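# Fold and contact review
Single-letter residue listing:
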Amino acid sequence: MPKQSVNQVTVKTGGKLYIAGEYSVLTAGQTALIQFIPIFMSAEVKEAPSTQLSSDMFDYSVGREPDANYALIQEALNTFEAYCGEDLPALDLSITGKLERDGVKFGIGSSGSVVVLTLKALAAALQKDLSKDILFKLASYTLLKQGDNGSMGDLACIVYEDLISYRSFDREKIAELIDQITLSELLEKDWGYRISPIVPVLQAHFLVGWTKQAAISKDMVKMAKSRISSKYLSETEVAVQDAIKALVTGDKNLLKSSLQAVSDQLESLSPDIYVDKLKKLKEAEQGLDVIAKSSGAGGGDCGIAFAFDQASRDTLVERWQEEGIELLYEV
């Protein structure tokens, strides 16, 4: 069989932030609203005498021999081989663009971004056409094999590069199927998720504030998951659907009330979600035409806000700066 040729390519993926539904979506069938953040990581692939993997997160590179720091990238290579049904040719894969500063993560999606990025880079270098649906499934498969406890909503958003609503699938069921059927059989199945791009008509400044405090998502998720009740799920689902409706119909007051409801529900789940700086990020909305909330696991990282006029936007940013909260992104 002729050796596959490796095209020299550079691809990129961005990050994501949850607007609503970040904890409820961990339960299959629940919906989250997630915003794509165009702060990018990039990957370059080129031909090489032997496989070399490098990332600017680490000061060394590896081959295919198992390495804990490179486990996600290596697992993505394994997934791609299983998908293609043949061994990958030797290649040099180099990832740059840490979604962090001075060793503190932004919290906009590092592991999900790395997996999607690696799969996209391999597909481009080896001229394999991956639909968004297949890319999402391959990335989810990779994380499930690594024992990831997330909802996979970050992957959906990063693959679609858009504001999306995401309905989660039963990850336990799919994880069981991984051991029972082939990857190609698994990819043909309907997993039960739904990813829908949202086209908002509501006019607002969307702002991301970075607290510069790192959150440990896995621990936060474990702790909060144990407190999720059916009442929490049904109330959050209503609020998430209201937020989506508000964006697509241009209903400012509905967006404010629905995101306030989601924020209150998060706080009831655990007081640790709103750590000191996230609390300040939220409180900065007072007296302004603004709704702000924490985003993602909470306990640090980023919060978001919608500001509905320029003066409110400017005052909010000033208040954030006074508290040491950096405006990371706005649109």
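This report concerns the structure included in the present document. Worth saying up front: this structure is predicted, and the values here are computed from it rather than measured. (Residues numbered from 1 in each chain as written. Predicted model: local features only at pLDDT ≥ 70, side-chain atom pairs only at ≥ 80, totals over all residues. Heavy atoms only, no water.)

## Some words on the pattern of salt bridges
Across all of its chains, the model carries 11 salt bridges by this definition. For D289, the salt bridge is made with K256, and the minimal N-O distance between the two is 2.5 Å. Placement of the pair is D289 in the loop between α10 (276-283) and β10 (290-294) and K256 in helix α9 (residues 252-269), with a sequence separation of 33 residues. With its nearest N and O atoms 3.0 Å apart, the salt bridge here joins E285 to K282. Its relative accessible area of 11% is what places K282 among the buried residues. Ionic contacts of the salt-bridge type, sharing partners, join the residues K252, K256 and D289 into one network. (Salt bridge = Lys/Arg side-chain N within 4 Å of Asp/Glu carboxyl O. Helix = DSSP H or I, 4+ residues; strand = E, 2+ residues; numbered from the N terminus. Buried < 20%, exposed > 50% of the residue type's maximum accessible area, 1.4 Å probe, protein only.)

## Regarding the packing of aromatic side chains
Centre distance and the angle of the planes are the two values used to describe a pair of aromatic rings. By the definition in use, this model includes 12 aromatic pairs. Judged by centre distance (6.2 Å) and plane angle (50 degrees), the ring pair of F80 and Y83 falls under tilted. Placement of the pair is F80 and Y83 together in helix α1 (residues 71-84), with a separation of 3 residues, close to one helical turn. Judged by relative accessible area, which is 0%, F80 ranks as buried. Both rings, one in F136 and one in Y193, keep their centres 4.6 Å apart while their planes meet at 70 degrees; by these two values the pair is edge-to-face. Linking F136 in helix α3 (residues 132-145) with Y193 in the loop between α6 (183-188) and β8 (194-197), this pair joins segments that are 57 residues apart in sequence. Take F136: its relative accessible area is 0%, and that puts it in the buried class. An aromatic cluster is defined as three or more aromatic residues linked by ring pairs; in this entry it consists of F136, Y166, F169, W191 and Y193. Directly above the aromatic system of F40 lies the positively charged group of K12, at a separation of 4.2 Å from the ring centroid. (Phe/Tyr/Trp six-rings, centres within 6.5 Å; stacked < 30°, edge-to-face > 60°. Lys NZ or Arg CZ within 6 Å of the ring centre and 35° of its normal.)

## What to know about the packing of α3 against helix α5 (residues 171-178)
At a minimum axis separation of 10 Å, α3 and α5 run at an interaxial angle of 85 degrees. Taken as axis vectors, α3 and α5 run roughly perpendicular relative to one another. Taking contact as the criterion, the partners of Y141, L144 and K145 in α3 are, on α5, R171, I174, A175 and I178. Residue composition of the contact of α3 with α5, grouped by class: 5 nonpolar, no polar and 2 charged. (Axes fitted to C-alpha atoms, helices over the stretch in contact; angles between N-to-C directions. Parallel < 35°, antiparallel > 145°, perpendicular 65-115°, else oblique. Contact = heavy atoms within 4.5 Å. Nonpolar A, V, L, I, M, F, W, Y, C, P; charged D, E, K, R; others polar.)

## Quick look at the sheet that holds β10
Across the sheet, 4 strands lie side by side as β10-β11-β9-β12; this open sheet has antiparallel pairing. Strand pairing shows two members of the sheet lacking a second neighbour, β10 and β12 (326-330), which therefore form its edges. For this sheet, the mean inter-axis angle between neighbouring strands, taken without regard to orientation, is 25 degrees. Across 5 bridges, β10 lies against strand β11 (residues 302-307) in antiparallel orientation. Across the sheet, A292 pairs through a bridge with A305, a residue of β11. (Pairing = 2+ DSSP bridges.)

## Looking at α1
Spanning 14 residues, α1 covers 20 Å between terminal C-alpha atoms, matching the ideal 20 Å at 1.5 Å per step. Considering only its buried residues, α1 is in contact with β3 (52-55), β4 (91-96), α2 (110-125), α3 and α6. At the C-terminal side of α1, G85 shows a positive phi close to 75 degrees. (Expected span 1.5 Å × (residues − 1).)

## Points about the side chain of S24
Secondary-structure assignment places S24 in the loop between β1 (9-20) and β2 (31-47). Note on S24: relative accessible area 0%, which makes it buried. With sequence-adjacent residues up to four places away left out, S24 is seen in contact with Q30, T31, Y232, L233 and T236.

## Here we look at the pairing of β10
Counting buried positions along β10 gives 5 out of 5 residues, so the element sits mostly inside the fold. Of the two faces of β10, the one holding V290, A292 and S294 and the one holding I291 and K293 are both buried throughout.

## Focus on the nonpolar core
Ranked by size, the top nonpolar core spans 104 residues in total, and within it Y23, F136, Y166 and F306 carry the most contacts. In contact with F136, other than residues within four places in its own chain, are M152, L155, A156, V159, Y166, F169, Y193 and I195. (Core = buried A, V, L, I, M, F, W, Y, C linked by side-chain atoms within 4.5 Å.)

## Section: the side chain of S263
Structurally, the position occupied by S263 is in helix α9. The exposure class of S263 is buried, given its relative accessible area of 1%. At a separation of 2.6 Å, a polar atom in the side chain of S263 contacts the side chain of Y274. (Polar contact = N/O pair within 3.5 Å; in protein donor to acceptor, adjacent residues only side chain to side chain.)

## Side note on the environment of D133
By the element assignment, D133 lies in helix α3. The partly exposed category is assigned to D133, whose relative accessible area is 31%. Considering only alpha carbons, one finds D133 and D102, 31 residues apart in sequence, at a separation of 35 Å.

## Some points on the state of the cysteines
Throughout the structure, instances matching the rule amount to 0 disulfides. In this structure C302 is not part of a disulfide, and its nearest cysteine sulfur, from C157, lies 14 Å away. For C302, a relative accessible area of 0% puts it in the buried group. (Disulfide = S-S within 2.5 Å.)

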